Amino acid sequence: MTPQFSAQAKQKLDALRQRYPSSQPVVLAALHLAQKEHGDLRDDVLRLVAETLELSYAHVYGVATFYTMFRRTAGGTNTLRVCTNISCMLRGAYDVLGAFEKQLGLRVGQANADFTLVEEECIAACANAPAVVCGTRYFLDVTPEQVAGIVAELKAEPHPESEVV
Amino acid sequence: MPADRNTRLVTRNFGNERARQIGSYEEAGGYQALRKALAMQPADIVAEVKASNLRGRGGAGFPTGVKWGFLPKGAPNVHLVCNADESEPGTCKDRELIYWDPHLLIEGMVMSAYALGAVHNYIYIRGEMMREVVVLERAVAEAYERGYLGANVLGSGFRCELTVHRGAGAYICGEETALLNSLEGKRGWPRLKPPFPAVKGLFGEPTIVNNVETLMNVPFIIADGGPRFAELGVGRSGGTRIVCVSGHVNKPGVYELPMTITFRQLIDEVCGGMWKGRAVKGVIPGGSSMPPLDADELDVPVEFDALMTDVRIKPVEVGRGTFFDMGGGKQLRTMAGSGGIVVFDEQTDVVALCWRIMAFYHHESCGQCTPCREGTGWLEKICKRMVDGQGRAGDIDLLASIAVGIAGNTICPLGEAAAWPMLGFLTKFRGDFEARLRRAQESHARPAPGAAAAVAGRPQ
Ligand SMILES: Cc1cc2nc3c(=O)[nH]c(=O)nc-3n(C[C@H](O)[C@H](O)[C@H](O)COP(=O)(O)O)c2cc1C
Ligand code: SF4
Ligand code: FES
């Protein structure tokens, strides 16, 4: 079946369209919405975005593959973004990342049903390093010992990124 | 009177959970400066901002009033775009500013837009800042409801539209022309300048791009006057300075402080000294793209001009005794950048730290320019082999020559953002790099890549 946008998403895109002189600037929002409703940005989902905004498939493909938040294959409910950039590295971020890998049984970049584990660049929480973000939820001054608790919390109460679009 | 350590222009609502609601913001005097601004002539607002010595807080420290003056006179379709893409490693102020005080940003934007004659305006916010997107969208909706935004702002006849535009993960979109391309729904590729955005920016129309903190200072300038703001600062830098202190201090944090505070005072008196009783090895003064200071250079203030010109800061070398030329014989010391101050202690492996910085810029290079795309990759790779104990004779000179080959030869300043710290680390901490090489040569027969995991984290 060819993927479609929900009525709600269509409404949201129509409203956004009014904020710009053409439909092209809506493409990031449309891709966020498409990823929310279809889980990832497979070829036919990109085609849906292109048709909805009357843009070329090539353009939409080019945009979708430039930005790191868009994914072309399925991911977990939660996207755990663990910063390992300098401020976090200086305070033990790689140990935290290692603890997440162990706890989840995933390597960086891998996903299971509940989690996608991402090694993230600076997430602008450097004064509370090491920092981890999952959707709207920040985990600050994280130690490896806290990792099991964080995973349990997010399993019980997920914070999918798609909540925000 | 200059600012003191208790002066709060933009961080006064930090920690106040109610401040982000429009009712509380208004009760505390919010949007009064906007009323005052709307009764002024736009040109007079620009004049106040010029008189204030407000300098851009996004990285370059460019005088805001001067930038505003670059708009062609009488241009019909002008845009104001707020750069809320904050992602320079070590920088964490804009995210907090938005979270605690979104209406101060909106108020600053509306009055700035009025001064510039800008109708369709945007806040480009980093995609990963999801909590802040929610806060900002709610605040914008409130401002529309109360008539601070919309077809006729507070009955003044001025139309001001504001749209929160969410990014999707790309550091380069903080660079203003990449940001504009991203806002137009394209890949975030920087544009060649000129033309500058003030002449040909968003949708091909004149556009002013300003940082979050920059715009949040404008309400104060209108309320208390440009000269008062100038007086809070020093020399050509008006107002306070927000610094984001991270790394090996006892109390990392986001602090609003006088421009004149020195790094040593900042570490010892504001941040509770170094952790574990250790000594400072060095400090990155303004986000990871800025050359570091060593432990002997900490008595300079955090102010913009001081970091560029203070002779107590040794100039960056390209080789022993030869200095990096910024053009016209001007030497590169360092810059105040984004206010991201990263402090590292005496036990820090600076080669690993430098590798992590190069890995970042390599990952974030947009790939348009060969020197940046390939050069950052080589800087990362060579630093990594040094970290892994597999450095080769000549690697230090090779790093320097690659960095020199990048700087000045690219479309946007991301190239310099990698080259400058590379050269800066080699200048200030050359001994650490040499020691790494010596050790690698001594243990030539038995490379130990496992050692890298212990210092840098993970083997790749
Ligand atoms: C690679 C790169 C990344 C940048 N990232 C940001 C950023 O995240 N936020 C920001 O305000 N400015 C950033 N800048 C600076 C902007 O290009 C621009 O100078 C700034 O937003 C102008 O605002 P200001 O004059 O108020 O500082 C970046 C520049 C470069 C070269
Ligand atoms: S310098 Fe790097 S990031 Fe900037 S345009 Fe060139 S390749 Fe892209
Ligand atoms: S370096 Fe990790 S949040 Fe900034």
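As a starting point, this report considers the structure included with it.

### Thoughts on unusual backbone geometry
Point 1. For the bond from Ala129 of chain A to Pro130 of chain A, the omega torsion is -10°, close enough to zero to count as cis.
Point 2. Within the secondary structure, Pro130 of chain A is located in the loop between strand 2 (115–120) and strand 3 (132–134).
Point 3. Across the junction of Pro194 of chain B and Pro195 of chain B, the peptide omega takes the value 0°, indicating a cis bond.
Point 4. On the secondary structure map, Pro195 of chain B appears in the loop between helix 8 (176–183) and strand 4 (207–211).
Point 5. The backbone of Glu54 of chain A shows a phi angle near 55°, a positive value even though the residue is not glycine.
Point 6. Mapping Glu54 of chain A onto the fold places it in the loop between helix 3 (43–53) and helix 4 (57–64).
Point 7. Its relative accessible area of 74% is what places Glu54 of chain A among the exposed residues.

### Description of the interface of chain B and chain A
Point 1. Contacts between the two partners involve 67 residues from chain B and, on the opposite side, 45 residues from chain A.
Point 2. Both sides of the chain B and chain A interface together cover about 4,500 Å² of buried area, and 58% of this is carbon and sulfur.
Point 3. Where chain B meets chain A, there are 27 residue pairs in polar contact (both at pLDDT 80 or more).
Point 4. Contributions of two or more residues to the side of chain B that touches chain A are made by strand 2 (120–125), helix 7 (130–145), strand 3 (161–166), helix 8, strand 5 (241–247), strand 6 (253–257), strand 11 (340–345) and helix 14 (350–364) of chain B.
Point 5. Among the elements that make up the side of chain B that touches chain A, the one with the highest residue count is helix 14 of chain B (eight residues).
Point 6. Here the residues of the side of chain B that touches chain A are counted per class, giving 33 nonpolar, 19 polar and 15 charged.

### What to know about a nonpolar patch on the surface
Point 1. Taken together, the side chains of Phe62, Val66 and Phe70 of chain B define a hydrophobic patch exposed on the protein surface, amounting to about 260 Å² of accessible area.
Point 2. Here Phe70 of chain B falls in the partly exposed class, since its relative accessible area comes to 47%.

What counts and what doesn't
Residues numbered from 1 in each chain as written. Chains lettered and ligands numbered in written order. Predicted model: local features only at pLDDT ≥ 70, side-chain atom pairs only at ≥ 80, totals over all residues. Heavy atoms only, no water. Helix = DSSP H or I, 4+ residues; strand = E, 2+ residues; numbered from the N terminus. Buried < 20%, exposed > 50% of the residue type's maximum accessible area, 1.4 Å probe, protein only. Contact = heavy atoms within 4.5 Å. Buried area = accessible area lost by both parts, 1.4 Å probe. Polar contact = N/O pair within 3.5 Å; in protein donor to acceptor, adjacent residues only side chain to side chain. Nonpolar A, V, L, I, M, F, W, Y, C, P; charged D, E, K, R; others polar. Patch = residues over 30% accessible without salt bridge, like charges linked within 9 Å, V, L, I, M, F, W, Y side chains within 5 Å. Areas by Shrake-Rupley, 256 points an atom, 1.4 Å probe, with all protein chains shown as cover. Salt bridge = Lys/Arg side-chain N within 4 Å of Asp/Glu carboxyl O.

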